[in-house]
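# Structural overview
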Amino acid sequence: MGSNMAENHPVGFQWVMEARLRGAKVMHVDPRFTRTSAMSDKYVPIRAGTDIAFLGGIVRYIIENERWFDEYVKRYTNAPVIVDERFRDTEDLDGLFSGFDEDKRIYDTSTWHYAGMPEQETAGERSKGGTKGEQSGHGAQSGGLTHGEPPEEDETLQHERCVFQILKRHFSRYTPELVAEICGCTPEQFLEVAETMCDNSGRERTGSVVYSVGWTQHSVGVQYIRTAAIIQLLLGNIGRPGGGIMALRGHASIQGSTDMATLYNILPGYLPMPHGEEVSSLQEYLESHGSSTGRWAKFPTFSISQLRAFYGANATRENDFCFDLLPRINGDHSTYQSALDMLEGNVKGFFLFGENPAVGSANSKLQRLALASLEWLVVRDFVEIESASFWYDAPEIETGELKPDEVATEIFFLPAATHVEKDGSFTNTQRLLQWHWKAVEPPEDCRSDLGFTYHLGRKIRAKLKDSTDPIDRGILALDWAYATSGEHEEPSAAEVLREINGVGSEGKALSKYEELADDGSTSCGCWIYCGAFKEEQNQPARKTPHWEQGAVPSEWGWAWPANERILYNRASADPEGNPWSERKKYVWWDAEKKQWTGLDFPDFTPDKPPDYRPPDDAAGDEAIAGDHPFVLQNDGRGWLFASVGLMDGPLPTHYEPHESPFDNLLYGQRSNPCRQLHAHDHNRYNPAKDDAYPFVVTTYRLTEHHTAGGMSRTLAYLSELQPEFFIEVSPELAEERQLEHGAWATVITARTAIEARVMVTERMVPIVVQGRRLHQVGVPYHWGRKGLTTGDSGNDLTSIALDPNVHIQEVKAATCDVRPGRRPRGPKLLELVASYPGYEEESGDAPR
Amino acid sequence: MAEPALSYYGKPIIKEPVWKTEIPHYFFAGGLAGTSATLSAAARAAGNEPLARRALYVAAAGVTVSPYFLIKDLGRPMRFYNMLRVFKVTSPMSVGTWIVAAEGTSTGIAAACQLFGVLPRIRATAQAVSGLLGPAMATYTGALVADSVVPAWHEARHELPLVFAGSSAAAAGGIAAALTPSERGRPARRLGIMGAVTELVTQSVMEKRMGELVAEPYRKGEGGRYARAGQAALLGGTAVMLLAGRTRVGAAVAGTLLATGSWCTRFAVYHAGKTSAGDPAYTSVLQRARVAERGQPAVTRYGKTPFTRL
Amino acid sequence: MRHGDGQTTYGLQIQPRVGFFTDTSVCIGCKACEVACKEWNLVPEDGLVWSGNSYDNTGELSANTWRHVAFIEQQVDDGFRWLMSSDVCKHCTHAGCLDVCPTGAITRTEFGTVVIQDDVCNGCGYCVTACPFGVISKREIGGDGGMHKCTLCYDRLEDGLEPACAKACPTKSIQFGPLDELLERAHGRLEDLRESGVDDARLYGADENDGVGGMGSVFLLLDEPEVYGLPPDPVDPTRNLGAIWAAAAAAAVVLAAGVAFAFAGETDG
Ligand SMILES: Nc1nc2c(c(=O)[nH]1)N[C@H]1C(S)=C(S)[C@@H](COP(=O)(O)OP(=O)(O)OC[C@H]3O[C@@H](n4cnc5c(=O)[nH]c(N)nc54)[C@H](O)[C@@H]3O)O[C@H]1N2
Ligand SMILES: Nc1nc2c(c(=O)[nH]1)N[C@H]1C(S)=C(S)[C@@H](COP(=O)(O)OP(=O)(O)OC[C@H]3O[C@@H](n4cnc5c(=O)[nH]c(N)nc54)[C@H](O)[C@@H]3O)O[C@H]1N2
Ligand code: SF4
Ligand code: SF4
Ligand code: SF4
Ligand code: SF4
Ligand code: SF4
Ligand SMILES: [Mo]
């Protein structure tokens, strides 16, 4: 669901095809019939933006029909845990949980805690002081547990405040009929999916859920995935072979870049970025982000080793390992906030390394205007992408909103080396690091990003070398020495990997993160990558083919953490440590050797017996019982109910997309109350339920192109495969709006209007939602004005309306209007858009 | 059960021939040359010098221009000689190339000797060779197009060579008749008339045998237009030849008409071929009928989705 | 081994005949085969023309598209389906293109495949009219005047590599190997599908008694061949060459006789 795996992950999809040949049943739920649907046993059309209703219906189905995997649920999840009596559910508060602050639109999450816990500062509270919607990072989510076992539990799952009962009440209204009403599928279609999922559960069977950005890019994206997690935990499908939730990530190493902290609010390894107003000392940082139990109890060793990797010998115990030199965040610095800040003139300069926001980011018109407000901009890419050419070639030039001679931004375009022109690793969607070798020298002035960054740092440090300004200390104190080679003095990527892996006091590469110390004797750039350079060997460079290995090909590349291929795999054994079944055996307890063993590396303390019970004063890993597989959680359990860590509720709730033609059938609360809105002249929103925007628009990819198109629209062999921007509509919509197959159509939102060729196809079907026939319009978003095939950008249509947890844009579900013919040119375009309703102020216009 | 589509988005199943109009020109010139050569040889044997001389010059002109048309149509004219490095009976074009080469050479030599009035023995031998090869030269092109998957050509394979033979006779006879003083032109007139009749009759037999559908390109569109024009010219030419062939003017008019008719026929065949290749129906319906005849009707369509459960 | 044409191969050692089994029931339409083929063989771009025919914008096999993925959207009894299928030269046992080529540019290799030698081809275009599948055409775009088609990656085969398209195919829709093995696999797959109720599955090109003596590229289709743009009953035209030559010979004789008859009763005057 929410993934077009065949089209966007075709190489990975070969395994789905293989599973299918071996008898697996594949179901696809998507607003559009795609190449994935074509390859599935069952396809269910759904209204974009309604998956929580669908999945919630499955939760209810499991509970109503007693289909949950009882032993798994009772022992491995937090189903028995009793929750604070002050907790109120959306069922009680018409769509809100307890603790909502109407003004700031955020929750005080203290009432979501487990019962019997001491009052403590939580992640939610911490961010209360910060900018709305800003979250201080991932890292540990202690929730205040001081002991691995929550204070109050009911093993029978009968207590009315236990998680299981709360869950049951929360989803009790998600009946097949309601699901059908909201999602636009039939109850029968829904039931078939629910039934099939339940059938693939238990000791002998597992099922897995695949999602990608069809789920994440919503104002409730994180909660989509939470709902799937609840289902998979109820069905006992996590930590087991053939189970899990497969997040299919995007760019070749998007996983790696997240691991290594592309996001503003994390440091490598998901350590939180210190917040200027909240933490002043290392001590405070470690205390507020650490956990006393579970794997995160080692947080100080991760963090201090990381500081040592950053600052080398300059980081000493005496100076708090240079903690005060780390940059601080003081609010939301996510990509969209940054663009808005640019418009306000608060950002002077910008580096764009491998990103094309002028096409790829939501509301790309606003993005272009934002870039045009910069003083300088450095673009490192293969070709002159739209984010470098916007100042002379953009729709805004046509409309007169931008004039080339008035754009003051100084743009430096620096050609980048491609992945075949440099060494390095990719971390793929399954956390697997794979090495790639330089095949050819980068041509002409092209340089690797690593080389560029290293030499830029070197030059800046040389310029600052005599500076006494305290602000420069952070740069001067860095450990910035790498061996270089060749004509272009290219730093060694393997050496960087080794630094990330970490070294011990004897200067030898570490082999596992358990070796990390909090006394400064070890350094490690990213704790989850510790072991990637085990035994001084570049582990990701291993390429033993799978046919020369066992069922789990551990010698192909290297997976974090600790080369484990399935996380939480202790759950593949029953509470006593035996495989759930012969068919599904994976990791188990060898009673004789008193060791966890199996096909994969156990994601568990190797010698902790299944019947281990933590003593009362236990801390860290000791505090986790032998039958609690979820070692990253402070109670070792899979969380059906997330008492901390989320901005918008401990349980998922169906909310309508920010722009939706419908009311929420469940509650008066229409959309996610915490969603992040940025109403602005250049970010007008479509009014909800407005007749001017009768259709749902969803954006997506095609196999033939890549994202913003810089890597595909420039290549003849790919461009010829999809040589023009088109939209997809059903024959009915075509008739209703007189759209002609192959002719032009104009799509309009409150942001702007774009034109595209019309593809009328029976793959698009109108669906019936709340008694109304609804049309959905499909918009692939790859086009822009550069390259061999050019066209308007789908993202000119989309708005900045974000998920509160991760600030991701809602580009999968919005409303629009469609007309036949091309869009107006020049200022007439602005007139057309102005004739449509919209609001640009965060006033009462914004629906609840 | 829905009828199966004729093709994929109505696209042709086979490729349209890449040959351009040089090819029908070539067929015409080649046919004219071949039959003229034979006519000349026969006239010489019959002691009809004026006719022999004139037909020989016509043949010479034909063999001179036809390679031009042929080579011009090649995608890589400079590599024409590659055809002279092999001889393949499976390729009418290969066989034809040798025929053309031999015919060209012999006719050329004969004509040159004739022109300069030298080497009478060599001339006689060359003329004999050229006369013997003439019919092959005139008919191999029919085999050439028939040996293709183009329905309008392949389905006409039994008759096309004869149509081409008739066509070339009409042209050769007609032109020779026009050029030759009427008292010596009778054989040419007769040849022209026989040719025209053969062509008309064979073509109608051919169309009948091919059946309504496959013959359509000879009746409709560009091919049909040329065919009709050709028929009219041939009929007219025949009539004029019969009625006024003995007059200088009559022979000239009739000869021109016959040659024009012959020329039109080549274009009709050419265009019919293109049309029948370009429209998938000709290929698909024809072949589907063949399959049905063998008792293998279309397999039931639209069952379940294509996966095995083990 | 079904080496075609009674032609001797030009290779020193005859290898087992190789080919493709393209199982369209597992094709996901990713077009990796099309792109891999172009990359490896440096085939020029085929024009940036949006067809509106589902997701197919290359349209057909041609000199500039040696693998072509078809996309067929169909309303069917149990709903809707989207067929995808990757087409290629059939490397026929009796290859019309090879038979008629007057220069010998088209040859059969030691692997039993049919290859155009670009340096010999003079662009006569005869092969274009002789291929029952419309595979060969003239390179108009990026034109060099020659005819081009799949070589079954002859250069790769010589180096013991599998063809680029098969290598790139993520789902094993394109399977490469010795033809005998592939045929066996194809029949096995057909049986499996038929057993599971996929009545419309059928093999194409797997019958050595068909009009081209069986194909080197065998397909598993889910609908009639026409639907995919394939001829339902392809015949190598040279199969009828005997009759054609006979007709030509007869015509020549008639012509000669006709000329002779024209002189009947003529006196040397
Ligand atoms: N060929 C190719 N491959 C790619 C990329 C590419 O551009 N081209 N991009 C890469 C990147 S960066 C990423 S992130 C991944 C993304 O991979 P995917 O997530 O598969 O990409 P999308 O096509 O954006 O969206 C997936 C599907 O979600 C559906 N969808 C939209 N809204 C909803 C909804 O509310 N519910 C449900 N159930 N489905 C919905 C869309 O119709 C679409 O079919 O692909 C990667 N792979
Ligand atoms: N409407 C809508 N918008 C979306 C999405 C959607 O589904 N719908 N999906 C979103 C998603 S998931 C993503 S990931 C984004 C993608 O959006 P962007 O990341 O903005 O788009 P890309 O085209 O992938 O830009 C990557 C650029 O990096 C360059 N590049 C590649 N390798 C290197 C390298 O090694 N070094 C350097 N310096 N440059 C390199 C490429 O040439 C390319 O121009 O789009 C997002 N936007
Ligand atoms: S483009 Fe690369 S990452 Fe994407 S599916 Fe193909 S091989 Fe995998
Ligand atoms: S399919 Fe056509 S091009 Fe290929 S071998 Fe057969 S006749 Fe020749
Ligand atoms: S075009 Fe080339 S390959 Fe084709 S038949 Fe002529 S010479 Fe042979
Ligand atoms: S075998 Fe080689 S030449 Fe033929 S289609 Fe495949 S990749 Fe192209
Ligand atoms: S590579 Fe394979 S799956 Fe992809 S389109 Fe080609 S045949 Fe189909
Ligand atoms: Mo992405």
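Basis of the calculations
Residues numbered from 1 in each chain as written. Chains lettered and ligands numbered in written order. Predicted model: local features only at pLDDT ≥ 70, side-chain atom pairs only at ≥ 80, totals over all residues. Heavy atoms only, no water. Helix = DSSP H or I, 4+ residues; strand = E, 2+ residues; numbered from the N terminus. Contact = heavy atoms within 4.5 Å. Areas by Shrake-Rupley, 256 points an atom, 1.4 Å probe, with all protein chains shown as cover. Lys, Arg positive; Asp, Glu negative; His and termini not counted. Charge placed at Lys NZ, Arg CZ, Asp CG, Glu CD. Buried < 20%, exposed > 50% of the residue type's maximum accessible area, 1.4 Å probe, protein only. Buried area = accessible area lost by both parts, 1.4 Å probe. Salt bridge = Lys/Arg side-chain N within 4 Å of Asp/Glu carboxyl O. Polar contact = N/O pair within 3.5 Å; in protein donor to acceptor, adjacent residues only side chain to side chain. 1 Å grid on protein atoms, 1.4 Å probe; cavity = no way out; pocket = protein on both sides within 12 Å on 5 of 7 lines; lining within 4 Å. Points joined across faces, edges and corners; volume = space filled by probe spheres on them. Nonpolar A, V, L, I, M, F, W, Y, C, P; charged D, E, K, R; others polar. Pairing = 2+ DSSP bridges. Phe/Tyr/Trp six-rings, centres within 6.5 Å; stacked < 30°, edge-to-face > 60°. Lys NZ or Arg CZ within 6 Å of the ring centre and 35° of its normal. Near = heavy atom within 4 Å. Domains from an automatic or database assignment. Axes fitted to C-alpha atoms, helices over the stretch in contact; angles between N-to-C directions. pLDDT = per-residue confidence, 0-100. Patch = residues over 30% accessible without salt bridge, like charges linked within 9 Å, V, L, I, M, F, W, Y side chains within 5 Å.

### Things to note about the overall build of chain A
- When its secondary structure is counted, chain A shows 25 helices and 28 strands.
- Principal axes of the C-alpha set define a box for chain A whose edges measure 75 × 70 × 55 Å.
- In chain A, the proportion of contacts linking residues at least 24 apart, taken out of those at least 6 apart, comes to 71%.
- Accessible surface for chain A amounts to roughly 31300 Å². Of this, 51% is attributable to carbon and sulfur atoms.
- Both charge centroids of chain A, one from 84 positive and one from 126 negative side chains, sit 3 Å from each other.

### Section: the pairing of strand β26 (residues 776–780) of chain A
- The element β26(A) is largely enclosed, with a buried count of 5 among its 5 residues.
- Here β26(A) shows a buried face lined by Gln776(A), Gly778(A) and Pro780(A) and a second buried face lined by Val777(A) and Val779(A).

### Side note on the environment of Trp82(C)
- Counting through the fold element by element, Trp82(C) comes out in strand β3 (residues 79–87).
- Using a relative accessible area of 3% as the deciding quantity, one classes Trp82(C) as buried.
- Residues Trp82(C) and Gly29(C), spaced 53 residues apart in sequence, show a C-alpha to C-alpha distance of 9.7 Å.
- For Trp82(C), the contacting residues outside a window of four places in its chain are Glu7(A), Phe33(A), Thr34(A), Arg35(A), Ala38(A), Arg763(A), Ser54(C), Tyr55(C), Phe71(C), Ile72(C) and Glu73(C).

### Details of the interface of chain C and chain B
- Taken together, the contact pairs 99 residues of chain C with 86 residues of chain B.
- Its largest share of buried area at the contact with chain B, chain C owes to Tyr126(C), Leu255(C) and Phe263(C), together 9% of the area lost on that side.
- Here chain C and chain B share 7 salt bridges between them.
- Across the pair Asp233(C) and Arg294(B) runs a salt bridge whose closest N-O atoms are separated by 3.0 Å.
- Our count for the contact surface shared by chain C and chain B stands at 33 residue pairs in polar contact (both at pLDDT 80 or more).
- Of all the elements in the fold, those that place two or more residues in the side of chain C that touches chain B are β2 (68–76), α2 (96–100), α3 (126–130), β6 (137–138), β7 (147–148), α6 (179–195) and α7 (241–262) of chain C.

### Brief notes about empty space enclosed by the protein
- Summed over all chains, the structure comprises 17 cavities of 30 Å³ or more.
- Volume-wise, the largest cavity comes out at about 170 Å³.
- In terms of lining residues, the largest cavity is bounded by 17 residues, among which Pro12(B), Glu60(C), Leu61(C), Asp87(C) and Gly229(C) are the most central.
- The residue makeup of the lining of the largest cavity, split by class, is 8 nonpolar, 5 polar and 4 charged.
- If you add up the space inside the second largest cavity, you get close to 130 Å³.

### Comments concerning the pattern of salt bridges
- In this structure the tally under the stated criterion is 73 salt bridges over all chains.
- Residues Glu192(A) and Lys42(A) are paired through a salt bridge, measuring 3.1 Å at the closest nitrogen-oxygen approach. Pair noted here: Glu192(A) is in helix α9 (residues 187–199) and Lys42(A) is in strand β2 (residues 42–45), with a separation of 150 residues, a long-range link.
- According to the relative accessible area criterion, Lys42(A) is buried, its value standing at 16%.
- Lys90(C) is the partner of Asp87(C) in a salt bridge, and the nearest nitrogen-oxygen pair spans 3.0 Å.
- You can call Asp87(C) buried: its relative accessible area is 11%.
- You can call Lys90(C) buried: its relative accessible area is 1%.
- Each of Asp393(A), Glu398(A), Arg785(A), Asp792(A) and Arg823(A) takes part in one network of salt bridges that share partners.

### Some words on the sheet that holds strand β16 (residues 558–559) of chain A
All names here are of chain A.
- Strand order in the open sheet formed by 3 strands is β12-β13-β16, and the pairing between neighbours is antiparallel. In the strand order of this sheet, the two ends are held by β12 (424–427) and β16, each with one partner.
- Examined bridge by bridge, β12 and strand β13 (residues 432–436) share 4 bridges and lie antiparallel to one another. Directly across from glycine 424, in β13, lies its bridge partner histidine 436.

### Side note on the packing of aromatic side chains
- In this structure the tally under the stated criterion is 60 aromatic pairs over all chains.
- Residues Phe353(A) and Phe452(A) carry aromatic rings whose centres are separated by 5.6 Å and whose planes lie at 70 degrees to one another, so their mutual orientation is edge-to-face. Separated by 99 residues along the polypeptide, Phe353(A) in strand β9 (residues 349–353) and Phe452(A) in helix α20 (residues 449–464) bring together distant segments of the chain.
- Judged by relative accessible area, which is 33%, Phe353(A) ranks as partly exposed.
- Given a relative accessible area of 17%, Phe452(A) falls into the buried group.
- Counting every residue linked through ring pairs, the aromatic cluster contains Tyr285(A), Trp296(A), Phe299(A), Phe302(A), Phe323(A), Tyr513(A) and Trp527(A).
- Just above the ring of Trp560(A) sits the side chain of Arg431(A); from NZ or CZ to the centre is 5.7 Å.
- The ring of Trp82(C) carries the charged tip of Arg763(A) above its face, separated from the ring centre by 4.3 Å.

### Points about the interface of chain C and chain A
- Between chain C and chain A, the contact holds 35 residues from the first and 38 residues from the second.
- Both faces combined, the contact of chain C with chain A buries some 2900 Å², and carbon together with sulfur accounts for 65% of it.
- Between Lys172(C) and Glu18(A) there is a salt bridge, and its shortest N-O distance comes to 3.5 Å.
- Elements supplying a minimum of two residues to the side of chain C that touches chain A: α1 (32–41), β2 and β3 of chain C.

### Observations regarding the site of ligand 1
Residue and element names in this part refer to chain A.
- Within the structure, ligand 1 sits among 32 residues, and Asp30, Gly49, Asp51, Arg701 and His705 are positioned closest to it.
- The side chain of aspartate 30 places a nitrogen or oxygen atom 2.6 Å from an oxygen atom of ligand 1.
- At 2.6 Å from an oxygen atom of ligand 1 is found a main-chain nitrogen or oxygen belonging to glycine 49.
- Contact with the protein chains hides 95% of the accessible area of ligand 1, taken as 910 Å² for the molecule alone.
- Of the residues assigned to the shell around ligand 1, the class counts are 8 nonpolar, 18 polar and 6 charged.
- Three or more residues apiece are contributed to the shell around ligand 1 by two domains, here domain 1 (5–247) and domain 2 (676–834).

### Section: the sheet that holds strand β11 (residues 410–415) of chain A
All names here are of chain A.
- Overall, parallel pairing links the 3 strands, which are arranged β9-β10-β11 in an open sheet. Only two strands of the sheet have a single partner each, and these edge strands are β9 and β11. For this sheet the average axis-to-axis angle between neighbouring strands, irrespective of direction, equals 10 degrees.
- Across 5 bridges, β9 lies against strand β10 (residues 376–381) in parallel orientation. Paired with leucine 352 across the strands is valine 379, a residue of β10.
- Relative to the sheet, α20 contacts β9, β10 and β11, its axis offset from that of β9 by approximately 150 degrees.

### Quick look at the confidence of the model for chain C
Residue and element names in this part refer to chain C.
- Per-residue confidence for chain C averages 92 on the pLDDT scale, and 94% of its residues sit at or above 70.
- This stretch, residues 6–10, has a pLDDT under 50; its non-local contacts, to residues over four places away or in other chains, come to 8 contacts.
- What the predictor reports for the complex is a pTM of 0.94 with an ipTM of 0.94.

### Thoughts on the pairing of β10(A)
Residues and elements named next belong to chain A.
- The buried fraction of β10 amounts to 5 of the 6 residues, a majority that puts the element mostly inside the structure.
- Here 6 bridges tie β10 to β11, and the two strands are oriented parallel to one another. Within the sheet, the bridge partner assigned to valine 379 lies in β11 and is phenylalanine 413.

### Focus on a nonpolar patch on the surface
- Taken together, the side chains of Phe351(A), Phe353(A), Trp376(A), Phe412(A), Leu456(A), Ile460(A) and Ile475(A) make up a nonpolar region of the molecular surface, amounting to roughly 540 Å² of accessible area.
- Broken down by secondary-structure element, the contributors of at least two residues to the nonpolar patch are β9 and α20 of chain A.

### Details of the confidence of the model for chain A
- When pLDDT is averaged along chain A, the result is 94, and 96% of the positions lie at 70 or above.
- Confidence drops under pLDDT 50 across residues 121–138 of chain A; counting only partners more than four residues distant or on other chains, this segment forms 55 contacts.

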